[in-house]
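Residue strings, one per chain:
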Amino acid sequence: MERKWWKEQVVYQIYPRSFNDANGDGIGDLKGIIEKLDYLRDLGIDIVWLSPVYKSPNDDNGYDISDYRDIMDEFGTLKDMDLLISELHKRDMKLVMDLVVNHSSDEHAWFIESKSSLDNPYRDYYIWRKGNDGQPPNNWGSWFGGSAWEYDSKTDEYYLHLFSKKQPDLNWENPKVREEIFEMINWWVNKGIDGFRMDVINMISKVPGLPDGEKNPGSKYGYGSQYLNGPKVHEYLHMMNRRVLTKYDIMTVGETPGVTPEIARKYVDSDRDELNMLFHFEHMGFDCGDTKWEPREWKLTELKEIFGKWCEGLKEKGWNSLYMNNHDQPRMVSRFGNDKNYRVESAKMLATLVHTLPGTPYIYQGEEIGMTNVNFGNIEDYRDIETLNWYREKKKDGLSEDEIMKALYRMSRDNARTPMQWDNSFHAGFTSGEPWIKVNPNYKEINSAKAIADPDSVFNYYKKLINLRKQEENLVLVYGEYELILEEDEKIYSYFRSLEDDRLLVMLNFSDEEQIFSYELAGVRGELLIANYSADDLDSLKEVKLRPYEARIYRVVNVA
Ligand code: TEU
Ligand code: CA
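Residues numbered from 1 in each chain as written. Chains lettered and ligands numbered in written order. Predicted model: local features only at pLDDT ≥ 70, side-chain atom pairs only at ≥ 80, totals over all residues. Heavy atoms only, no water.

An account of the overall build of the protein is requested, with residue identities and associated values reported.
A tally of helices and strands in the protein yields 17 helices and 20 strands. Taken over C-alpha atoms, the radius of gyration comes to 24 Å for the protein, in line with the 24 Å a tight globule of 560 residues would show. Taking the principal axes of its C-alpha atoms as reference, the protein extends roughly 80 × 50 × 50 Å. Residues classed as buried in the protein amount to 60% of the 560 residues present. Of all intrachain contacts in the protein linking residues separated by at least 6 positions in sequence, the fraction that spans at least 24 positions is 70%. By element, 46% of the accessible surface of the protein is carried by carbon and sulfur atoms, the whole surface being about 21900 Å². Computed over 71 positive and 98 negative side-chain charges, the separation of the two mean positions in the protein equals 1 Å. (Helix = DSSP H or I, 4+ residues; strand = E, 2+ residues; numbered from the N terminus. Rg over C-alpha atoms; globule rule 2.2 N^0.38 Å. Buried < 20%, exposed > 50% of the residue type's maximum accessible area, 1.4 Å probe, protein only. Contact = heavy atoms within 4.5 Å. Areas by Shrake-Rupley, 256 points an atom, 1.4 Å probe, with all protein chains shown as cover. Lys, Arg positive; Asp, Glu negative; His and termini not counted. Charge placed at Lys NZ, Arg CZ, Asp CG, Glu CD.)

How would you explain the packing of helix H12 (residues 343-356) against helix H16 (residues 458-470) if you had to name every residue and give the values?
Close contact between H12 and H16 brings their axes to 10 Å; oriented N to C, the two are set at 15 degrees. Classified by the angle their axes make, H12 and H16 are roughly parallel. At the point where H12 passes H16, the crossing takes the right-handed sense. Where H12 approaches H16, its residues Val344, Ala347, Lys348, Ala351, Thr352 and His355 are matched on the opposing element by Val458, Tyr461, Tyr462, Leu465, Ile466 and Arg469. Here the contact of H12 with H16 is built from residues that sort into eight nonpolar, two polar and two charged. (Axes fitted to C-alpha atoms, helices over the stretch in contact; angles between N-to-C directions. Parallel < 35°, antiparallel > 145°, perpendicular 65-115°, else oblique. Left-handed = near helix turned anticlockwise from the far one by under 90°. Nonpolar A, V, L, I, M, F, W, Y, C, P; charged D, E, K, R; others polar.)

Explain the pattern of salt bridges to me, using residue names and the numbers behind them.
Per the counting criterion, the structure on display carries 46 salt bridges. In this structure, the salt-bridge partner of Lys450 is Glu445, at a minimum N-O distance of 3.1 Å. Between Asp502 and Arg555 there is a salt bridge, with the nearest N and O atoms lying 2.8 Å from each other. Of this pair, Asp502 sits in strand S16 (residues 502-509) while Arg555 sits in strand S20 (residues 551-558), placing them 53 residues apart in sequence. Here Asp502 and Arg555 have matching classes, each one buried. Sharing partners across several salt bridges, the network here consists of Asp60, Lys292, Asp328, Asp384, Glu386, Arg413 and Arg417. (Salt bridge = Lys/Arg side-chain N within 4 Å of Asp/Glu carboxyl O.)

Describe in detail the site of ligand 1, supporting the description with residues and values.
In the region of ligand 1, 18 residues are neighbours, and Asp60, Asp199, Lys292, Asp328 and Arg413 sit closest. Note that an oxygen atom of ligand 1 is positioned 2.7 Å from one of the side-chain N or O atoms of Asp199. For ligand 1, the protein covers 96% of the area, taking 490 Å² as the surface of the free molecule. Residues that form the shell around ligand 1 fall into these classes: six nonpolar, three polar and nine charged. (Near = heavy atom within 4 Å. Polar contact = N/O pair within 3.5 Å; in protein donor to acceptor, adjacent residues only side chain to side chain.)

Tell me what's going on with the packing of aromatic side chains, and back it up with residues and numbers.
Counting across every chain of the model gives 36 aromatic pairs. In textbook terms, an aromatic cluster arises when at least three aromatic residues are bridged by ring pairs, as seen for Tyr54, Tyr68, Trp110, Tyr122, Tyr125, Trp187 and Trp188. One cation-aromatic arrangement involves Arg17 over Trp436; the distance from NZ or CZ to the ring centre is 4.9 Å. The aromatic ring of Phe496 is capped on one face by Arg503, whose charged end is 4.6 Å from the ring centroid. (Phe/Tyr/Trp six-rings, centres within 6.5 Å; stacked < 30°, edge-to-face > 60°. Lys NZ or Arg CZ within 6 Å of the ring centre and 35° of its normal.)

Residues and numbers for a negative patch on the surface, please.
Taken together, Glu305, Glu487, Glu488 and Glu490 make up a surface patch of like negative charges. Tracing the chain through its elements places Glu488 in the loop between strand S14 (481-485) and strand S15 (492-499). A relative accessible area of 65% places Glu488 in the exposed class. (Patch = residues over 30% accessible without salt bridge, like charges linked within 9 Å, V, L, I, M, F, W, Y side chains within 5 Å.)

Give a description of the packing of helix H8 (residues 261-268) against helix H10 (residues 300-313) that names residues and reports values.
Between H8 and H10, whose axes approach to 10 Å, the crossing angle comes to 40 degrees. Looking at the two axes, H8 sits oblique to H10. For H8 against H10, the interelement crossing comes out right-handed. Every residue of H10 that contacts H8 at Pro261, Ala264 and Arg265 is listed here: Lys309, Trp310 and Gly313. Class assignment of the residues belonging to the contact of H8 with H10 gives a composition of three nonpolar, one polar and two charged.

How would you sum up the coordination of the calcium ion (ligand 2)? Please name residues and give values.
Taken together, Asp21 (OD), Asn23 (OD1), Asp25 (OD), Ile27 (O) and Asp29 (OD) make up the protein donors of the calcium ion (ligand 2), found 2.3 Å from the metal. The motif formed by the donor residues of the calcium ion (ligand 2), counted along the single chain, is D-x1-N-x1-D-x1-I-x1-D. Looking at Asp25, the relative accessible area reads 35%, which means it is partly exposed. The buried category is assigned to Ile27, whose relative accessible area is 11%. (Donors = N, O, S within 2.8 Å, 3.2 Å for Na, K, Ca; no water.)

Can you lay out helix H7 (residues 233-243) for me, pointing to particular residues and giving the numbers?
Buried within H7 are the following residues: Val233, His234, Tyr236, Leu237, Met240 and Asn241. The buried residues of H7 occupy an angular sector of 160 degrees when the element is viewed end-on, so they sit on one face. (Arc of directions from axis to C-beta.)

Describe the pairing of S16, listing the residues and the values that go with them.
A large share of S16 lies buried, amounting to seven of its eight residues. Following S15, the chain reverses through two residues before pairing antiparallel with S16; Glu500 in that reversal takes a positive phi of roughly 50 degrees. Where S16 and S20 come together, five bridges link them in antiparallel fashion. Counterpart to Leu508 in the pairing with S20 is Ala551. (Pairing = 2+ DSSP bridges.)

Before we move on, could you go through the side chain of Glu386 and cite the residues and values that matter?
Of note, Glu386 is situated in helix H13 (residues 385-397). Residues contacting Glu386, with those up to four places away along its chain left out, are Trp143, Phe144, Lys292, Trp293 and Arg413.

Here it is in structure tokens:
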């Protein structure tokens, strides 16, 4: 197994708008991030991934970029950015930027040119088509609702936008577009950044002719089939790798909805020179029905099967990225744990899973203090475009306010976007002004200041866990083999990680009841490395009682 820094280190995702506001305008900013670097260093973070900070009109909170070489006014300036990079490097930390190049903003200079006339030199920077008898060119749906095509009367054509209509898709078929993007990437790397998280990077190549897509159940629109992992995506990524990425020691992680391990290998097999890692969504969909808004009962064995398949699938070539939440997903403790009676225990248990499976762990801001979903209960308090569009659509369909609010509490992206809870002062110490989105009312109980001071907090458990994974003798958690045991158990998730003579045993109780771990394991004793309840070394590991959401890691030692 080839050793790499990005395999051994831990990534922390910052959603800048909600992280820390230094100037009191209610919006997080770069200076605010700089103020918190020592906090992150103390936690044990090596790599910071910043959600987009580029110039943007904020239709989708920065995922709609109007200038790739400048910073959003609310966040600061390029000078602040240089300072952030040097302050990170000074602390031996690295910076990964979000790269959003499937689409730009409709306010990007390229698009303003593009839409101005049919023969403008920038026309082909985007994807324009004639309508079909007064209807859009095909049946593709936008991920944020409605058609993926917007009519423009000036030139009597439609442009493609897989996301909001303020996010027109770039035309990767055009070599000039690719060249512009590669140069821009180069420009950022030369500024000293250490890698990229690539937004929906497996959507950049569309099937030629743009045929209708397969419809999702219950929808009149086609989703995905004609552009997810499209025909030229590997050609483009290989090109990007050869032209730019390979020249530097940087890390890359692609965001790729709709990939299986088989598909993933084509992106991350180290011999293919494309990406280092990717984010798959299999564990982000298995608790949902036809769309993300409908819940589905899930079983622990399903989760084990998903992670097991990915461990196996990428074990020879490639590498996994491990996450249970991000800025698009509900809070993991609310989704997979119990944020009522066992918030602290289950947050630690889930963290133990993320940091002990094979792959690079990603922490989403606030996760390290066990932040939860927010029950706003009022549409006025929501800000997310996907949420607001869906609300409008469902109201029209006649769904009750109550049902809609329930779905939002479960799945709205704003669950992850409420301000970081720093302390118990007004607005949780996030801002001295009015926050752009309300603070979760539980901030007096859940906040960093309190967590830092409490030795039993989620925060202090993360610190220990991160440190454990990095300790020299324990690189077994990074490079060791993964072996699942108690495969059929619906309450306990347990596995070995082993490297040469070193063998660790992870035990996780995924239920709110006591469980007995029972496994035929003779002639060994267990040295406890970490646990989320008080626990000790054990002379035998055959039978171990696990309390609700208990997590333990033992070093398994042979007794002669
Ligand atoms: O998300 C891509 C994506 O697949 C989303 O549709 C995601 O599944 C959805 O938000 C879940 O409800 C990326 C970014 O992470 C997201 O924030 C952006 O809105 C989107 O791309 C467009 O850039
Ligand atoms: Ca601010």
